[in-house]
Amino acid sequence: MTDQDRPPLDPATVRALLEAPAGPLTRVEVVARTGSTNADVVRDLRADPGSWPDRSVLVADHQDAGRGRRDRTWSTPPGTAVTCSFVVRPRVPAESLGWLPLLAGRGAVTAVRATAGVPAHLKWPNDVLVPADEPLEGWGAARKVGGILCELVPLADGSTAAVVGIGLNVLQRADELPVPSAGSLALAGARHVDRLGVLVALVGALDDVARRFRDADGSAVASGLADEVADVVGTLGTHVRVALPGDAWVEGVAERLDDDGALVLRTADGTTQRVLAGDVHHLRAAR
């Protein structure tokens, strides 16, 4: 694959496809390069709450200091990934906001399946995985092609903006991946997939999810989104070990998602335990 196969995103084309009246968004900005789209948007919102209205997006053609959970950082070669931050003003009960990473994951999986034809799934709560030929400890026969970081920004008017950062590996070669657990849509067998197509599908899926979530007053269950999320969470039905904050861990079979999006495990002693946050390591299929 050459640089000609990985052209930069054209800002005018992206804006024409995604910004109203042709597209669903109120503001679309594309920058050639930045450290982190989430960091940029959060900074702007704190300085000027009106800078990023509801249903807006910042897209970076190249992001070299992306941020993940637990302050992990990552970067991708130019021209290979979709990196963006989607902004919504959910105006739903605060207790519903824990669903945001899962809802964004459902949108990302939907976009990947539609554009790349790859059977992607979600590793609870925020990793997008695709099938791999060889199993890897902690990941099974899958590799990570995407991650999601949601940040809540309290605004001066008393409302909250949600910044949903998403990175998807699209065109990386094997020698361009930073760790053995990483993958790309190209390596997973995608054919004729391009970053613009993935970006447009991703924004459409996220906008659909955000509208339904808001219209149901933040109820993932009533909107039907909870069932749709469960359908794409590959963690369910598997034996996992979850690393919890504070160096603790819990092991069991991932049975279901609770009404607030928490992962419910059935442990060896037959009891259940709710997990609200943690890193999931897949051990083996449940029996």
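Residues numbered from 1 in each chain as written. Predicted model: local features only at pLDDT ≥ 70, side-chain atom pairs only at ≥ 80, totals over all residues. Heavy atoms only, no water.

Caption draft 1: Looking closely at helix 5 (residues 225–232). When we look at burial in helix 5, the residues that qualify are L225, A226, V229 and V232. All buried residues of helix 5 project into a common sector of 130° when viewed along the axis, lining one side. Along helix 5, exposed side chains directed more than 90 degrees from the buried face belong to D227 and D231. Buried residues along helix 5 sit in contact with helix 3 (100–116), strand 6 (121–123), helix 4 (195–215) and strand 11 (248–257). (Buried < 20%, exposed > 50% of the residue type's maximum accessible area, 1.4 Å probe, protein only. Helix = DSSP H or I, 4+ residues; strand = E, 2+ residues; numbered from the N terminus. Arc of directions from axis to C-beta. Contact = heavy atoms within 4.5 Å.)

Caption draft 2: Spatial organisation of the pattern of salt bridges. Counted by the stated rule, this structure contains 24 salt bridges. A salt bridge links D127 to K144; the shortest N-O distance between them is 3.1 Å. Of this pair, D127 sits in strand 7 (residues 127–136) while K144 sits in strand 8 (residues 140–154); the two residues are 17 residues apart in sequence, bridging distant segments of the chain. Through salt bridges that share partners, R6, R173, D175 and E176 make up one connected network. (Salt bridge = Lys/Arg side-chain N within 4 Å of Asp/Glu carboxyl O.)

Caption draft 3: Region of interest: the packing of helix 1 (residues 11–18) against helix 4. It is at 11 Å that the axes of helix 1 and helix 4 come closest, and there the two elements cross at 30°. By the criterion of interaxial angle, the relationship of helix 1 to helix 4 is roughly parallel. With respect to the hand of their crossing, helix 1 and helix 4 are arranged in right-handed fashion. Taken together, the residues of helix 4 that come into contact with helix 1 (itself represented by T13, V14, L17 and L18) are L196, L199, V200 and V203. In the contact of helix 1 with helix 4, the residues fall into seven nonpolar, one polar and no charged. (Axes fitted to C-alpha atoms, helices over the stretch in contact; angles between N-to-C directions. Parallel < 35°, antiparallel > 145°, perpendicular 65-115°, else oblique. Left-handed = near helix turned anticlockwise from the far one by under 90°. Nonpolar A, V, L, I, M, F, W, Y, C, P; charged D, E, K, R; others polar.)

Caption draft 4: Representation of the pairing of strand 5 (residues 81–88) within the structure. Most of strand 5 sits out of view: eight of its eight residues are buried. Neither face of strand 5 is left uncovered, since the one carrying A81, T83, S85 and V87 and the one carrying V82, C84, F86 and V88 both have all their residues buried. Judged from the five bridges that link them, strand 2 (residues 56–60) and strand 5 form a sheet pairing that is antiparallel. Bridge assignment links A60 to a residue of strand 5, and that residue is T83. (Pairing = 2+ DSSP bridges.)

Caption draft 5: Spotlight on the packing of aromatic side chains. Inspection of every chain in the model, using the stated rule, returns zero aromatic pairs. The cationic tip of K123 hangs over the ring face of W139; the distance from NZ or CZ to the ring centre is 3.8 Å. Over the aromatic face of W249 sits the side chain of R241, whose NZ or CZ is 5.0 Å from the ring centroid. (Phe/Tyr/Trp six-rings, centres within 6.5 Å; stacked < 30°, edge-to-face > 60°. Lys NZ or Arg CZ within 6 Å of the ring centre and 35° of its normal.)

Caption draft 6: Seen up close, helix 4. End to end, helix 4 covers 30 Å across 21 residues, agreeing with the expected 30 Å (1.5 Å per residue, within 8%). Along helix 4, the residues classified as buried are R195, V198, L199, L202, V203, A205, L206, D207, V209, A210 and F213. Buried residues in helix 4 make contact with helix 1, strand 2, strand 5, helix 3, strand 9 (160–169) and helix 5. Capping the start of helix 4 is the job of one residue whose side-chain oxygen sits 3.0 Å from the backbone nitrogen of L196: D194. Positive backbone phi, approximately 55°, marks D217, located one or two places after helix 4. (Expected span 1.5 Å × (residues − 1). Polar contact = N/O pair within 3.5 Å; in protein donor to acceptor, adjacent residues only side chain to side chain.)

Caption draft 7: Structural view of the packing of helix 3 against helix 5. In the contact formed by helix 3 and helix 5, the axes pass within 9 Å of each other and the chain directions differ by 60°. With respect to helix 5, the axis of helix 3 lies oblique. As for the relative orientation of helix 3 and helix 5, their crossing is left-handed in sense. Contacts between helix 3 and helix 5 involve L102, L103, R106, V109 and R113 on the former and, on the latter, L225, E228, V229 and V232.

Caption draft 8: Here's a closer look at empty space enclosed by the protein. Summed over all chains, the structure comprises one cavity of 30 Å³ or more. By volume, the largest cavity amounts to about 200 Å³. Forming the walls of the largest cavity are 16 residues, and the residues nearest its centre are V88, L100, L206, V209 and A210. Every element with two or more residues in the lining of the largest cavity is listed here: strand 5, helix 3 and helix 4. With six residues, the single largest contributor to the lining of the largest cavity is helix 4. (1 Å grid on protein atoms, 1.4 Å probe; cavity = no way out; pocket = protein on both sides within 12 Å on 5 of 7 lines; lining within 4 Å. Points joined across faces, edges and corners; volume = space filled by probe spheres on them.)

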